[in-house]
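# Overview (structure and organization)
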Amino acid sequence: MSRQALREPRYQALADTLAQEVRTHFQPGEWLPGETHLARRFGVNRHTVRRALDELVRAGLVTRHQGLGTLVVDRRLDYAVSAASKVTHHLAERGIASRTECLHQAMTPAPEGVAMRFGVAAETPLIAVDTLRWVDEAPLMRLRHWFDPERLPGWLERYRGGSTRALLDQHYGLRLHRLRVRIEAAGADRDDQRLLCCADQAPLLQLTSDNVDADGALVEVSISRARADRLAYHIDFPDSPTDEVSS
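Rules used in this analysis
Per chain, residues are indexed from 1 in the order of the written sequence. This being a predicted model, a pLDDT of at least 70 is required before a residue's local features are given, and a value of 80 or more before pairs of side-chain atoms are given or counted; all residues contribute to the totals for chains, interfaces and linings. To obtain the side-chain values, all non-hydrogen atoms of the structure were used and water was disregarded. When DSSP locates at least two bridges between a pair of strands, those strands are taken to pair. Starting at the N terminus, helices and strands are each numbered in turn, a helix being any DSSP run of H or I of at least four residues and a strand any DSSP run of E of at least two. Think of it this way: a Phe, Tyr or Trp ring, Trp meaning its six-membered ring, pairs with another when their centres are within 6.5 Å, and the plane angle makes it stacked under 30 degrees, edge-to-face over 60, tilted otherwise. Using a 1.4 Å probe on the protein chains alone, a residue whose accessible area is under 20% of its type maximum counts as buried, one over 50% counts as exposed, and one in between counts as partly exposed. The axes are straight lines fitted to the C-alpha atoms, using for helices just the contacting stretch, and the angles between their N-to-C directions are given from 0 to 180°. To sort the angles, those under 35 degrees are grouped as roughly parallel, those over 145 as roughly antiparallel, those from 65 to 115 as roughly perpendicular, and the leftovers as oblique. In this description, contact between two residues means that some pair of their heavy atoms is separated by no more than 4.5 Å. In the scheme used here, Gly and all other residues not listed as nonpolar or charged are polar, with Ala, Val, Leu, Ile, Met, Phe, Trp, Tyr, Cys and Pro taken as nonpolar and Asp, Glu, Lys and Arg as charged. Two helices crossing with the near one rotated counterclockwise from the far one by less than a right angle form a left-handed crossing, whereas a clockwise rotation gives a right-handed crossing. Patch rule: a residue counts if its relative accessible area is over 30% and it has no salt bridge; like charges are joined within 9 Å, and nonpolar side chains (Val, Leu, Ile, Met, Phe, Trp, Tyr) within 5 Å. The accessible surface values rely on the Shrake-Rupley method and a 1.4 Å probe; as for residues, cover is taken only from the protein chains in view. Here, a salt bridge means any side-chain nitrogen of Lys or Arg that lies within 4 Å of a carboxyl oxygen of Asp or Glu. Here a helix's expected span is defined as the number of its residues, less one, multiplied by 1.5 Å. In the analysis that follows, any N or O atom pair within 3.5 Å is treated as a polar contact, provided that within protein one partner can donate a hydrogen and the other can accept it, and provided that, for residues neighboring in sequence, both atoms belong to side chains. Nonpolar core, defined: a set of buried Ala, Val, Leu, Ile, Met, Phe, Trp, Tyr and Cys residues in which side-chain atoms within 4.5 Å join the residues together.

## A short note on the pairing of strand E2 (residues 69–72)
Judged from the 4 bridges that link them, strand E1 (residues 62–65) and E2 form a sheet pairing that is antiparallel. Bridged to histidine 65 within E2 is glycine 69. Hairpin geometry of E1 and E2 is characterised by an intervening segment of 3 residues between the two adjacent antiparallel strands and by a positive phi of about 80 degrees at glycine 67.

So, in structure tokens, the structure goes:
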């Protein structure tokens, strides 16, 4: 055995073994054996098992469910990006449990890129709302919403979590749709690691949306960062004439 193998933490060696078993012997939606069973099987304590399972969670192979156990992750969630699509509504239609947690919100100086979209000077205070979306009790994406405060008086007192779109509709009569979307790859930073339970520089999908009202006026710029191992975006072009498509 090499010196490097000897220096490898026991939990990491166990994580590697379990990851291989998950990929070869388990189907999506199956439960792993309990921590006590795994500890007895591999001759380690439960703390080592927990740390190994934490590594599998970070790798996107399994999710933890309090009181139930450890579940092998199903295929990536497939989310259709369209002008009117809403993440919460999309998940509910598929019978997938989700919730949105409000992490922080305040009047915040807007960075130059966001300020330009709203047609204001850089550092102009806008409403900034940070949320974390959980799917099946596992964190999937974190979002920063930028809102025009003139359109949303009293927002900071009203919003406490849940769907921002629902509050916009119910209290402000605003039904937003996407005007444009930019999708790009990003590496997980320190906040992503902490909130999304992923590894340093793990691949993320970042989606930036300009969301407008019925008259085309910009109300929101949203920036979401989602785990690329758990989510895939697709965009359909049902009305695109085939004779205009070129390579």
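## Thoughts on the packing of aromatic side chains
Inspection of every chain in the model, using the stated rule, returns 4 aromatic pairs. Between tryptophan 155 and tyrosine 159 the ring centres are 5.2 Å apart and the planes differ by 20 degrees, which places this aromatic pair in the stacked class. For the pair tryptophan 155 and tyrosine 159, one class covers both residues: buried. Members of the aromatic cluster, each reached through a chain of ring pairs, are Phe147, Trp155, Tyr159 and Tyr172.

## Thoughts on the packing of helix H3 (residues 35–42) against helix H4 (residues 46–58)
Here H3 crosses H4 at 110 degrees, and the two axes come no closer than 9 Å. The angle between the axes of H3 and H4 places the two elements in the roughly perpendicular class. Here Glu35, Thr36, Leu38 and Ala39 of H3 lie close against H4, whose contacting residues are Arg46, Val49, Arg50 and Leu53. Class assignment of the residues belonging to the contact of H3 with H4 gives a composition of 4 nonpolar, 1 polar and 3 charged.

## A short note on the packing of helix H2 (residues 10–25) against H3
Following both chains from N to C, one finds H2 and H3 inclined at 110 degrees, their axes separated by 13 Å at the closest point. Taken together, the axes of H2 and H3 lie roughly perpendicular to each other. The interaxial crossing formed by H2 with H3 has right-handed handedness. Between H2 and H3, the residues in contact are Leu14, Thr17, Leu18 and Glu21 and Leu38, Arg41 and Phe42, respectively.

## A short note on a nonpolar patch on the surface
Residues Val181, Ile183, Ile235 and Phe237 make up a contiguous nonpolar surface patch of about 350 Å² in total accessible area. With respect to the helices, strands and loops of the structure, isoleucine 235 is situated in the segment after strand E10 (231–234). Isoleucine 235 sits in the partly exposed class, given a relative accessible area of 41%.

## A few points about the pairing of strand E3 (residues 77–80)
Across a regular strand the side chains alternate sides, sitting on one face of the sheet and then on the other. By the alternation rule, side chains of E3 split into Leu77 and Tyr79, which are all buried, and Asp78 and Ala80, of which none is buried. In the sheet, E3 pairs with E10 via 4 bridges, with the strands oriented parallel. Along E10, the bridge assignment pairs leucine 77 with leucine 231.

## Digging into H4
If you check H4, its first and last C-alpha atoms are 18 Å apart, about what 13 residues at 1.5 Å a residue would give, namely 18 Å. For H4, the full list of buried residues reads Thr48, Val49, Ala52, Leu53, Leu56 and Val57. In this structure, the buried residues of H4 make contact with H2, H3, E1, E2 and strand E9 (218–227). Sitting at the head of H4, asparagine 45 places a side-chain oxygen 3.2 Å from the backbone nitrogen of histidine 47. Where H4 ends, the next residue or the one after it, glycine 60, has phi of about 80 degrees, a positive value.

## Description of the nonpolar core
One finds Leu18, Val22, Leu32, Val49, Leu56 and Val62 to be the most contacted residues of the largest nonpolar core, which totals 18 residues. In this structure leucine 18 touches Leu38, Phe42, Ala52, Leu53 and Leu56, once residues within four positions along its chain are discounted. Core analysis: the next-biggest nonpolar cluster, separate from the first, contains 14 residues, Ile96, Leu143, Leu231 and Tyr233 among them.

## Section: the side chain of threonine 100
Relative to the assigned elements, threonine 100 resides in strand E4 (residues 98–109). Threonine 100 sits in the buried class, given a relative accessible area of 15%. Of the polar contacts made by the side chain of threonine 100, one reaches the side chain of arginine 133; its length is 3.3 Å.

## Regarding the sheet that holds E4
On the basis of which strands lie adjacent, the open sheet formed by 6 strands has the order E4-E5-E6-E9-E8-E7 and antiparallel pairing. Strand pairing shows two members of the sheet lacking a second neighbour, E4 and strand E7 (177–187), which therefore form its edges. Looking at each pair of strands side by side, their axes are set apart by 15 degrees on average, direction ignored.

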